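# A structural walkthrough
So you can see what is in the structure, the chains are spelled out below.
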Amino acid sequence: SSDVCSSDLFIVRVKGLIVSGCSPLHLRNESKYHEMAISSKNDDDLIDYLVGMGGTQKEVAANKNIMKLVLPALRADYAAVETYHYLPQDPLPFKIFALTGDQDDRIELDVMPHWKDFTSDNFEIKWYPGGHFYLKSIYCEVILWLINFQKELAALEILHLKMILIPALILKQMPLDLRQREMKD
């Protein structure tokens, strides 16, 4: 099941996964991430690394207040990547969309189509011009794609609400002994 969270009142179902700028977990070069040890860099070296990647403007990096806010999250993100070890799992029961820059030198581009190995549902890959930070130049196009994706999910969710949530709410209104009988039948 693709349930993420459920209670007597609601069920949240994952309808899709969007991955961007990362190799499929089962094919990524784990030793590369361990060796880089980006998360253990001191603040100045980490900032230099971020600016060197091209994703952080020098003016932003020079602002100590901003960096004081974002460095802990970035460091934790790198630590998660550096310490992650893939363990095989069953395919996910929802769509996977992979977005990537066609010139990204931070990932192994030839393995991107293998994200399909992680789903028993549909898979789609979108190649955009650019490197690791391809989104910077085409963010409007990607946002429009996300809006259309959300509309597709909303249409599915409306159908889901009619079939699942409304009967669940009706069931919740039943006396407990009647609900137990309904569940047995």
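These lines cover the structure that appears in this document, whether it is placed above or below. Nothing here was measured: the structure is a model prediction, and the numbers come from that model. (Residues numbered from 1 in each chain as written. Predicted model: local features only at pLDDT ≥ 70, side-chain atom pairs only at ≥ 80, totals over all residues. Heavy atoms only, no water.)

A word on the packing of helix α2 (residues 43–53) against helix α4 (residues 64–83). Axis separation between α2 and α4 bottoms out at 11 Å; the angle between their running directions is 85°. The pairing of α2 with α4 is recorded here as roughly perpendicular in orientation. The segment α2 lies against α4, with Asp43, Asp44, Leu46, Ile47, Tyr49, Leu50 and Met53 engaging Lys64, Met67, Leu71, Leu74, Arg75 and Tyr78. Tallied by class, the residues present in the contact of α2 with α4 amount to nine nonpolar, no polar and four charged. (Axes fitted to C-alpha atoms, helices over the stretch in contact; angles between N-to-C directions. Helix = DSSP H or I, 4+ residues; strand = E, 2+ residues; numbered from the N terminus. Parallel < 35°, antiparallel > 145°, perpendicular 65-115°, else oblique. Contact = heavy atoms within 4.5 Å. Nonpolar A, V, L, I, M, F, W, Y, C, P; charged D, E, K, R; others polar.)

Another aspect to go through is the pattern of salt bridges. Going through the model one piece at a time under the given rule, you end up with two salt bridges. The closest approach of N and O atoms between Arg75 and Asp43, which form a salt bridge, is 3.2 Å. Placement of the pair is Arg75 in helix α4 and Asp43 in helix α2, with a sequence separation of 32 residues. Relative accessible area serves as the criterion here: at 42%, Asp43 is assigned to the partly exposed category. Lys126 serves as the salt-bridge partner of Glu124, at 4.0 Å between the closest nitrogen and oxygen. Its relative accessible area of 33% is what places Glu124 among the partly exposed residues. On the basis of relative accessibility, which here comes to 24%, the residue Lys126 falls in the partly exposed class. (Salt bridge = Lys/Arg side-chain N within 4 Å of Asp/Glu carboxyl O. Buried < 20%, exposed > 50% of the residue type's maximum accessible area, 1.4 Å probe, protein only.)

On to the environment of Gln150. Relative to the elements of secondary structure, Gln150 occurs in helix α5 (residues 135–173). Sequence separation between Gln150 and Gly16 is 134 residues; the distance between their C-alpha atoms is 9.9 Å.

This next bit is on the environment of Phe97. Within the secondary structure, Phe97 sits in strand β4 (residues 95–101). Classification of Phe97 as buried rests on a relative accessible area of 6%. Spatially, the C-alpha atom of Phe97 lies 8.8 Å from that of Lys116, the residues being 19 residues apart in sequence. The contact partners of Phe97, leaving out residues within four places of it in the chain, are Leu17, Ile18, Val19, Glu124, Trp145 and Phe149.

Another point: the packing of aromatic side chains. Taken as a whole and assessed by the stated rule, the structure comprises five aromatic pairs. Here the aromatic rings of Tyr49 and Tyr78 are separated by 6.0 Å at their centres, their planes lie at 80°, and the arrangement is edge-to-face. Remark: Tyr78 occurs in helix α4 and Tyr49 occurs in helix α2; sequence separation between them is 29 residues. In this pair, the class of Tyr49 matches that of Tyr78, namely buried. Plain terms: the ring middles of Tyr128 and Tyr134 are 5.5 Å apart, the flat faces sit at 5° to each other, and that makes the pair stacked. A relative accessible area of 2% means that Tyr134 is categorised as buried. Every member of this aromatic cluster is reached through a ring pair, and the members are Tyr86, Trp115 and Phe118. (Phe/Tyr/Trp six-rings, centres within 6.5 Å; stacked < 30°, edge-to-face > 60°.)

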